Amino acid sequence: MTSRDGFQWTPETGLAQGVPSIGVISPSTKISSSPEKYDVIVVGGGYSGLTATRDLTVAGLRVLLVEARDRIGGRSWSSNIGDYPFEMGGTWVHWGQPHVWREISRYNMRTELEESFDFSRGVNHFQLRTTHGTSIMSHEEEDTILAAGLEKFVNVDGDMGRKVIPYAHDAFFVPEARRYDEMSAQDRVNTIALSLTPNERASLESFILLCSCGTLETTSFFEFLHWWALCGYSYRGCMDSLISYKFKKGQSSFAIKFFKEALATGRLSYVFNAPVSSINDQGDEVTLTTRDGRQYTGARLVSTIPLNVLNSVSFDPPLSPQRATATNIGHVNQCVKVHAEVSSKDMRSWTGISYPFNKLIYAIGDGTTPSGNTHIVCFGGSSNHIHPEEDINETKKAVENMAPGNMDIKRLVFHNWSKDEFAKGAWFFSPPRLLSTSLDAMRARHGNVVFASSDWAIGWRSFIDGAIEEGTRAAMTVMEDLRPAPALRSYL
Ligand code: FAD
């Protein structure tokens, strides 16, 4: 099935919107014709919504899943082009991510992961292109430069950030951590600038921007420290956790397991292609209205609508002022992720940074496609933003600029997350002060409406793991509300 989402370009076909994905659900609706009151309505079929839906149906509740798109997965989905999965959004997972790993184990998918990097053959080098010129280095030298820059950046306490965030899953445990949420990444770079070599600085800034896809000024230094703590306070840990292990058959092969398990209970109804326009909590039940006027009612509602688009839905009673403010501020991640198939097989072992002049900043060889081409995945963001489908020549130029002369492009595949009306951005990355002022408000329930999103998870916030953490929390909250109290038994 082909989703409306995503774009691909080849020299033969030009630009086309929509790519095939196993995450597309057809028929798009499964609902009884007689009006029904559900136990729970779940809005959004990303990992937060899929987890909540799965847990609630398995627990015996009748659930309606309402999704704006034609597919599951939300910000994590893969397209299958020529039987090869291009990851349009969330991709990499790791066994150090507790919620995601529990699900991978549960669905017996431990052997379905593979490594993105393969330095066994080909050019086997790192190409650093900066305003100072181009350097070709070994991957060991790449690691040394990045580790050196990052360690200077995070070492605010003489212990690589451990004293500031000793518990990555309770990041404000040390009150002083809040002080670092006042700072931007730019503030911190300015503090250490004299200690950085030009190559360390360019590599460090590129890595920070790879994580936030904002600008250095809009990136919270605290949130970067939080990622660092989650990754075990090391550059190696960051590489392992953030960009190394992915599903051989793509993210949608994982997401569909949640959906199918919920469906198998017989308690799941669903409606896709149904953007929600309003949510009305009447006190004893919640009624949702879609843009085309359909109405559904449930005892509870789980909203997994992402932070950057929550203000496109009207709530009655209105959202709390603090949540509304957080939504209007939003997160800063405007990631541009572009896949390129290039003819050179040798580029499989290539990695590169082109910064700050290029529209794409960081790229790696990520696989070999069935036609024998190398799959390169490239990342850019707000610091030098591009809308790939608006100017394919400029997008091709940005890919070519990553490694001039070695990017003979056969295909481009991408999803424009900035213009996606149901996301308006990629993974959550906080600007300064948003988390220290608003995290609790983003997480709070609102009468019969429970909010769940990776955007306000506690642990791996911004990650698939955080989405599953939140879906689990929402399902537990609702189950505690709706489950009848256990009958009291007397042992006397
Ligand atoms: P979403 O997936 O956004 O789900 C919310 C759902 O709500 C969507 O399906 C949306 O369509 C729906 N919705 C929105 N508005 C409405 C409405 N009005 N009516 C009905 N439905 C609506 N994470 C990792 O762990 N590893 C990675 O490598 C990684 N890389 C990433 C790369 C990119 C380019 C992107 C975009 C994300 C990446 N992430 C990664 C982050 C990860 O994908 C997200 O954190 C996670 O998928 C979010 O899940 P969620 O369910 O909280 O939100």
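Here goes a summary of the coordinates provided. Model, not experiment: these values are computed from the prediction. (Residues numbered from 1 in each chain as written. Predicted model: local features only at pLDDT ≥ 70, side-chain atom pairs only at ≥ 80, totals over all residues. Heavy atoms only, no water.)

Overview of the overall build of the protein chain
Assigned secondary structure in the protein chain consists of 13 helices and 22 strands. Here the protein chain has a C-alpha radius of gyration of 23 Å; the compact-globule value for 492 residues is 23 Å, and the two agree. Here the protein chain holds 492 residues, and the buried ones make up 61% of them. When contacts within the protein chain are restricted to residue pairs at least 6 apart in sequence, those whose partners lie at least 24 apart make up 73%. When the accessible area of the protein chain is evaluated, it comes to approximately 18500 Å², of which 51% is carbon and sulfur surface. Distance between charge centres in the protein chain, computed from 48 positive and 55 negative side chains, equals 4 Å. (Helix = DSSP H or I, 4+ residues; strand = E, 2+ residues; numbered from the N terminus. Rg over C-alpha atoms; globule rule 2.2 N^0.38 Å. Buried < 20%, exposed > 50% of the residue type's maximum accessible area, 1.4 Å probe, protein only. Contact = heavy atoms within 4.5 Å. Areas by Shrake-Rupley, 256 points an atom, 1.4 Å probe, with all protein chains shown as cover. Lys, Arg positive; Asp, Glu negative; His and termini not counted. Charge placed at Lys NZ, Arg CZ, Asp CG, Glu CD.)

Looking at the packing of aromatic side chains
Applying the stated criterion across every chain yields a total of 24 aromatic pairs. Where tyrosine 180 meets phenylalanine 221, the ring centres are 5.7 Å apart and the plane angle is 70°; that geometry is what we call edge-to-face. Residue tyrosine 180 is located in helix α4 (residues 177-181), and its partner phenylalanine 221 is located in helix α7 (residues 221-230); the two are separated by 41 residues in the primary sequence. Phenylalanine 221 shares its class with tyrosine 180; the two are buried. One aromatic cluster in this structure is built from Tyr47, Tyr107, Phe247, Phe254 and Phe258. Here the basic side chain of arginine 178 rests over the ring of phenylalanine 172, its NZ or CZ set 4.3 Å away from the ring centre. (Phe/Tyr/Trp six-rings, centres within 6.5 Å; stacked < 30°, edge-to-face > 60°. Lys NZ or Arg CZ within 6 Å of the ring centre and 35° of its normal.)

So, unusual backbone geometry
For the bond from serine 26 to proline 27, the omega torsion is -5°, close enough to zero to count as cis. Among the secondary structure elements, proline 27 is positioned in the loop between β2 (14-20) and β3 (29-30). Look at the link from tyrosine 355 to proline 356: it is a cis peptide, with omega at 5°. Topologically, proline 356 is positioned in the loop between β18 (350-354) and β19 (362-368). Phi angles above zero are rare outside glycine, and asparagine 273 is one such case at about 55°. Along the polypeptide, asparagine 273 turns up in the loop between β12 (268-271) and β13 (276-281). Residue asparagine 273 is classed as partly exposed on the basis of its relative accessible area, which comes to 30%. The backbone of serine 462 shows a phi angle near 90°, a positive value even though the residue is not glycine. Positionally, serine 462 belongs in the loop between β22 (449-451) and α13 (464-482).

Fair warning: the whole summary comes from geometry, so function is off the table for now.
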